[in-house]
Number of protein chains: 2
Amino acid sequence: MDRKKSFVLKGHICYSDEKKKLHIKPNSYAVCKDGVCQGVFEKIPQKFASFEVRDMGDVLVIPGLTDLHAHAPQYAFRGQGMDLELLEWLNTHTFPEEARYADLEYAQRAYGMYVEELKKSAVTRAVIFGTLHVEATEILMDLLEESGLETYAGKVNMDRNGGKNLEEASAQSSAAETRRWLQETEGKYRHTRPILTPRFIPACSDELMAELRTIQKEYGLPVQSHLSENPQEVAWVKELCPKAKSYSDAYFQAGLFGGTYPAVMAHCIWVDEEEIQLMKEQGVYVAHCPQSNANLSSGIAPVRKFLSAGVSIGLGSDMAAGSNTSILRAMADAVQCSKLRWRLVDSEAKPLTFPEVFYMGTLGGGSFFGNVGSFLPGYAFDALVLDDTSLPQPRKLEVSQRLERFIYLGDEQNIVCKYVNGVCIR
Amino acid sequence: MDRKKSFVLKGHICYSDEKKKLHIKPNSYAVCKDGVCQGVFEKIPQKFASFEVRDMGDVLVIPGLTDLHAHAPQYAFRGQGMDLELLEWLNTHTFPEEARYADLEYAQRAYGMYVEELKKSAVTRAVIFGTLHVEATEILMDLLEESGLETYAGKVNMDRNGGKNLEEASAQSSAAETRRWLQETEGKYRHTRPILTPRFIPACSDELMAELRTIQKEYGLPVQSHLSENPQEVAWVKELCPKAKSYSDAYFQAGLFGGTYPAVMAHCIWVDEEEIQLMKEQGVYVAHCPQSNANLSSGIAPVRKFLSAGVSIGLGSDMAAGSNTSILRAMADAVQCSKLRWRLVDSEAKPLTFPEVFYMGTLGGGSFFGNVGSFLPGYAFDALVLDDTSLPQPRKLEVSQRLERFIYLGDEQNIVCKYVNGVCIR
């Protein structure tokens, strides 16, 4: 037993189970053994009696949060240019900025800032886009590895419809660069994993998708991409892929839509019932990014439908289309947007509840990494210790009230410590 | 000349003019004389050469923000119970909490926390609801006065449809208490002004509205209330006021809808064209509260229509239906919600731009107080000095980019100092 990674944490422990039920255990003990949670107890069981007890006092203890979708190279323009729709925004802000990552000094500086922010944040796990540049993506992965966070990061593939200086010459060269990146990073990291990253259908030719499918089988890689963010984009995909029944089907036909190898798709706003069924069957994850979807006038994803259909779903910041990297904020945004959707779009779709968004930000997204995002026995011990006493309050609140308040008003400054696999990384 | 209130502030000065144009003046000088702005200059004019120059360095200097709508007694449950619609939420959370303000010790403690937060915030002016309790409202006003903020605060009137322990016995007793409050506070404050505060039509009988109209004329008071927040509420008003053509008309018939005495109405989501015209004619202010309107599933106000019609409009936190007291956040929320409205409700209504929401948070709302919310000559010198250098950035930004970024990512911790009428209050 690794004694450093075996201990008992005392506090007000809050977590979701696999049925999305929220458990609130005031003054309880979460047991970590070798970095793995052994459960939450009112009294410390005899078999853990020898473990070091870390009594954190009057704090909230919650699972670490997962950011299921973020673009590391967009850090420089978060909170800017928020006056455009997706396709304009990509050409005006995103592509020119991403082209800068050919400059490795810039990549080191900018990625350093992003990873530092992520390390300070409530996020313990993240699934991240880099750029098409192999070296810059390796710098990003080096920095992520040092941070102690558990992440997937991907070199982007895009061989059509990119920006000036931001397009790969051919499907073959894109594939070759991807192989080079995978070879150069193979076995190099303990906490940082590669993920295939075709930008989105409009940026990837059929040939490139076929190459990626081959690489996926060879390396056994998951895939991250974008799906159905904007009506114009959906129409464009229809033109580009006349044989596909839908945007989802375009990925499915390419063999990159879940099934054997996991896939996470950001946004999924304008999907139809048939696509939702396909996502369910293929085990495709939705990365719901409510702030981004407002910032780029994209719309509001039908999250209630995903939950009812049993589609896997977590939250994403989609930084920098989402200005803010906070997944706490994403939980609150998800509730708010679901309420506007109920009022303005579909009165059949009940707004999301607090326990549902808490689940999405913890276990929902965390499960993309395996048994992650809960304090159930057998889950990775990713935990946040939150001191919310700096939030003024004229009367005593229940732990459940403090927890809900925290997602609306708390931030990374309230984090006392953050554990990933039982290791305190801040 | 008061030399303490006469100085020159150097920084990157950003402000709106009365046509909503945003002016960005890097490395410029804002001149304050006796608490009144004399304009912004690239070089200090000869006539101000003797004024003390406060060179603030590489900072943004913007006008103080106005919160046009907040409920001071709701501070205790911000970020909680965000799973209900307006009328349920009022009965479950709001009315029981407000009833606590009969307890003056509680009022002192809770109002103290709220006013402290307001003082630290980017807000220099606010228009605030108290509760129906005279003494507690006086405590609130005492605290506001000490803070140095410029505010309107109102004892609430509600003689029907209140909660348990939160309803006045009759129109007459409500009016008598209002007179007592006005007499007890008359001449007591320099920075804190009374405002008539009928809660909303469902809580005020016709008799009470008539009494308030009489008091308004006697004291020359403005009025704050709520208008058309929720479809159920609108339907209820229709039942309660069968002779009124609309919710707005119900206030208009009562003589409490602008005209001689200013009125500010929170929300105004479900108003029709005729109401918008009436608001314009009567000079009624809209307090747009986008976060609240999402939290309570109320909808998204037609802000573009208000702007096109020339209706006066500012931003409100509507704390605690808005979880957050930040008007910076309200600016970003206003942009985001206008984009969702454009996408989901009305593709004719162009989303709000950054200069428009900046105007709304500064001059738009500030003008309820007179010449407030700009650095044009003759405006009250309300200013925020913002150090945004703690927001990491891998490359140099223009001042205009820093300003936009700030509303998305900045907060009260970036405030170096805050002037109200030329006096630094933090």
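Residues numbered from 1 in each chain as written. Chains lettered and ligands numbered in written order. Predicted model: local features only at pLDDT ≥ 70, side-chain atom pairs only at ≥ 80, totals over all residues. Heavy atoms only, no water.

- An unreviewed UniProt entry annotates chain A as Amidohydrolase family protein originating from Blautia hansenii.
- Under the Cofactor (unreviewed entry) heading, UniProt states for chain A: "Zn(2+)". (UniProt positions renumbered as here; feature names shortened; annotations may be inferred.)

1. Comments concerning the packing of helix H11 (residues 327-344) of chain B against helix H13 (residues 399-409) of chain B
Residues and elements named next belong to chain B.
In step 1: Two elements in contact, H11 and H13, have axes separated by 7 Å at closest approach and are oriented at 100°. When the axis of H11 is compared with that of H13, the two are roughly perpendicular. Note on element contacts: H13 touches H11 through Phe406, Ile407 and Tyr408, opposite Leu328, Arg329, Met331, Ala332, Val335 and Gln336.
In step 2: Split into classes, the residues belonging to the contact of H11 with H13 amount to 7 nonpolar, 1 polar and 1 charged. (Axes fitted to C-alpha atoms, helices over the stretch in contact; angles between N-to-C directions. Helix = DSSP H or I, 4+ residues; strand = E, 2+ residues; numbered from the N terminus. Parallel < 35°, antiparallel > 145°, perpendicular 65-115°, else oblique. Contact = heavy atoms within 4.5 Å. Nonpolar A, V, L, I, M, F, W, Y, C, P; charged D, E, K, R; others polar.)

2. With respect to the pattern of salt bridges
Residues and elements named next belong to chain A.
In step 1: Counted according to the given criterion, the structure contains 40 salt bridges over all chains.
In step 2: Across the salt bridge formed by glutamate 150 and arginine 193, the nearest N and O atoms sit 3.4 Å from each other. Taken together, the residues glutamate 150 in strand E7 (residues 150-154) and arginine 193 in strand E9 (residues 192-194) connect sequence positions 43 residues apart.
In step 3: Aspartate 346 is the partner of arginine 341 in a salt bridge, and the nearest nitrogen-oxygen pair spans 3.8 Å.
In step 4: Its relative accessible area of 12% is what places arginine 341 among the buried residues. (Salt bridge = Lys/Arg side-chain N within 4 Å of Asp/Glu carboxyl O. Buried < 20%, exposed > 50% of the residue type's maximum accessible area, 1.4 Å probe, protein only.)

3. A word on the interface of chain A and chain B
In step 1: Contacts between the two partners involve 52 residues from chain A and, on the opposite side, 52 residues from chain B.
In step 2: Interface area for chain A against chain B, summed over the two sides, is near 4400 Å², with a carbon-plus-sulfur share of 53%.
In step 3: On the chain A side of the interface with chain B, the three residues burying the most area are Arg343(A), Pro394(A) and Arg395(A), jointly 15% of the side's total.
In step 4: The partner of Arg395(A) in a salt bridge is Glu97(B), and the shortest N-O contact between them spans 2.6 Å.
In step 5: Linking chain A with chain B are 29 residue pairs in polar contact (both at pLDDT 80 or more), by the criterion used here. (Buried area = accessible area lost by both parts, 1.4 Å probe. Polar contact = N/O pair within 3.5 Å; in protein donor to acceptor, adjacent residues only side chain to side chain.)

4. What about the packing of aromatic side chains?
In step 1: Taken as a whole and assessed by the stated rule, the structure comprises 36 aromatic pairs over all chains.
In step 2: Ring centres 5.4 Å apart and planes at 85° place the aromatic pair Phe7(B) and Phe381(B) in the edge-to-face group. Placement of Phe7(B) in strand E1 (residues 7-16) and of Phe381(B) in the loop between helix H12 (354-366) and strand E15 (383-386) is noted, with a sequence separation of 374 residues between them.
In step 3: Linked through ring pairs, Phe7(A), Tyr15(A), Phe375(A), Phe381(A) and Tyr419(A) together constitute an aromatic cluster.
In step 4: In this structure, Arg78(B) is placed above the aromatic ring of Tyr75(B), and the distance from its NZ or CZ to the ring centre is 3.7 Å.
In step 5: Directly above the aromatic system of Tyr152(B) lies the positively charged group of Arg193(B), at a separation of 5.0 Å from the ring centroid. (Phe/Tyr/Trp six-rings, centres within 6.5 Å; stacked < 30°, edge-to-face > 60°. Lys NZ or Arg CZ within 6 Å of the ring centre and 35° of its normal.)

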